[in-house]
Amino acid sequence: RSYQQAVCMSMSFYMAQAGGKVTKDKDNTQQEGNIAWRGDCFTKDGSSLPQNSPINGNNLTLGWFDAGDYIKFGLPMAYSVHTLAWGALAYPGGYSDAGTNRALRYNLRVAAFYLLEGWDPKTQTLVAQIGNGAADHKSWRACKDPWRQDESRPVAVISMSCPGTEVAADTASALAATALVLQKFEGSKSASLQKRLLHSVRPRRCFILRQLLWLQG
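Residues take numbers from 1 onward in each chain, read along the sequence in its written order. Per-residue local features of the predicted model are confined to residues with pLDDT of at least 70, and side-chain atom pairs are confined, for both listing and counting, to 80 or more; whole-chain, interface and lining totals are unaffected and use all residues. Values shown for side chains rest on all heavy atoms present in the structure; no hydrogens or waters enter the calculation.

Thoughts on helix H6 (residues 165-186)
For H6, built from 22 residues, the straight-helix expectation of 32 Å at 1.5 Å per residue is met to within 8% by its first-to-last C-alpha distance of 31 Å. Comment: elements are numbered from the N terminus, with helices defined as DSSP H or I runs of at least four residues and strands as E runs of at least two. Two residues or fewer after H6 comes Gly 187, characterised by a positive phi angle close to 60°. Under the convention used throughout, the expected extent of a helix is 1.5 Å for every residue step, that is, one less than its residue count.

Description of the environment of Ala 168
By secondary structure assignment, the location of Ala 168 is in helix H6. Partly exposed residues are those whose accessible area sits between 20% and 50% of the maximum for their type, while under 20% is buried and over 50% is exposed, using a 1.4 Å probe and protein chains only. Using a relative accessible area of 2% as the deciding quantity, one classes Ala 168 as buried. Separated by 94 residues in sequence, Ala 168 and Gly 74 have C-alpha atoms that sit 8.6 Å apart. The criterion used for residue contact is that any of the two residues' heavy atoms lie within 4.5 Å. The residues contacting Ala 168, other than those within four sequence positions of it, are Leu 126, Ile 158, Phe 207, Ile 208 and Gln 211.

Looking at the environment of Asp 136
The residue Asp 136 is located in helix H5 (residues 133-136) in this model. Distance from Asp 136 to Arg 153, taken between C-alpha atoms, is 9.3 Å for residues 17 residues apart in sequence. Those residues in contact with Asp 136 that lie beyond four places of it in its chain are Asp 69, Tyr 70, Ile 71, Arg 148, Glu 151 and Arg 153.

A short note on the side chain of Thr 125
Within the secondary structure, Thr 125 sits in strand S3 (residues 125-130). For Thr 125, a relative accessible area of 10% corresponds to the buried category. Thr 125 has contacts with Pro 54, Ile 55, Gly 118, Trp 119, Asp 120, Val 157 and Ile 158, leaving out every residue within four places of it along the chain.

Let's talk about the packing of helix H1 (residues 2-16) against helix H4 (residues 101-117)
Packing of H1 against H4 brings their axes to within 10 Å, and their N-to-C directions diverge by 30°. When the axes of H1 and H4 are compared, the pair comes out roughly parallel. Judged by the twist between their axes, the crossing of H1 over H4 is left-handed. On H4, the residues that touch Met 11, Tyr 14 and Met 15 of H1 are Ala 103, Leu 104, Tyr 106 and Asn 107. Axis definition: a line fitted to C-alpha atoms, over the contacting stretch in the case of helices. Angles run 0 to 180 degrees between N-to-C directions. Roughly parallel refers to an angle under 35 degrees, roughly antiparallel to one over 145, roughly perpendicular to one between 65 and 115, and oblique to any angle outside these ranges. In this scheme the handedness of a crossing depends on how the near helix is turned from the far one: anticlockwise by less than a right angle means left-handed, clockwise means right-handed.

What to know about the pairing of S3
For S3, the tally of buried residues reaches 5 of 6 residues, placing the bulk of the element in the interior. Pairing between two strands requires that DSSP report at least two bridges joining them. Summarising the sheet, strand S1 (residues 72-73) and S3 pair through 2 bridges and their orientation is antiparallel. When the sheet's bridge partners are listed, Lys 72 is paired in S3 with Ile 130. Strand direction decides the pairing type here: strand S2 (residues 119-120) and S3, joined by 2 bridges, are antiparallel. Each residue of the ladder has a partner; that of Asp 120, found in S3, is Thr 125. Examined bridge by bridge, S3 and strand S4 (residues 155-158) share 4 bridges and lie antiparallel to one another. In the sheet register, Gln 129 faces S4, and the bridge partner there is Ala 156.

Digging into the side chain of Thr 61
Among the secondary structure elements, Thr 61 is positioned in the loop between H1 and S1. Classification of Thr 61 as buried rests on a relative accessible area of 12%. In this structure the side chain of Thr 61 is engaged in a polar contact, spanning 2.7 Å, whose partner is the side chain of Asn 59. Ignoring sequence-local partners within four residues, the contact set of Thr 61 consists of Gly 19, Gly 20, Phe 42, Thr 43, Lys 44, Asp 45 and Lys 72. What qualifies as a polar contact is a pair of N or O atoms within 3.5 Å, subject to a donor-acceptor requirement within protein and to the restriction that residues adjacent in sequence count only when both atoms come from side chains.

This is the structure we're talking about:
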């Protein structure tokens, strides 16, 4: 029982770390997680990108905040996604016994959609971070505070001219692992999303290899 409780609490933790708008059911109750104190937060993430940025206009409001602050770091987020996904693939019964299958898939989707939106295959550009750590650490206000919704949230990207193989590789593995989890738990119900996730991995893999060759001179 204590292990089941731990799994349930870990799913609630990821839900509490999520950015963007809180999803609601028809009766206006929160759809997932029963995190009663959560509210819409940083719904303008990505708006600081230049108008000519290939990712400008993509929905970057989802994803998970890091630790106790509100920065979205691509590397630890992607690592957390693929670790959570592989745990579900290795021990699916644990999530079923704890009654957290739906919460697991919800959490993976929140992060995966962010990772999908933060990539432009044509220009080989990937979002690696959103937020300013120094400024964020100076504020004790909650992310849902209206006062914080217009604060500056810079977006850092990697590209062929500004490489970052680690975050790119972990992002690719996170998306692939999420697709496998959805395939295992949902079958054909989410076939289109599974296809989109896997389809996005190949160009990222090429991006990673090109960066490694560039770094080797």
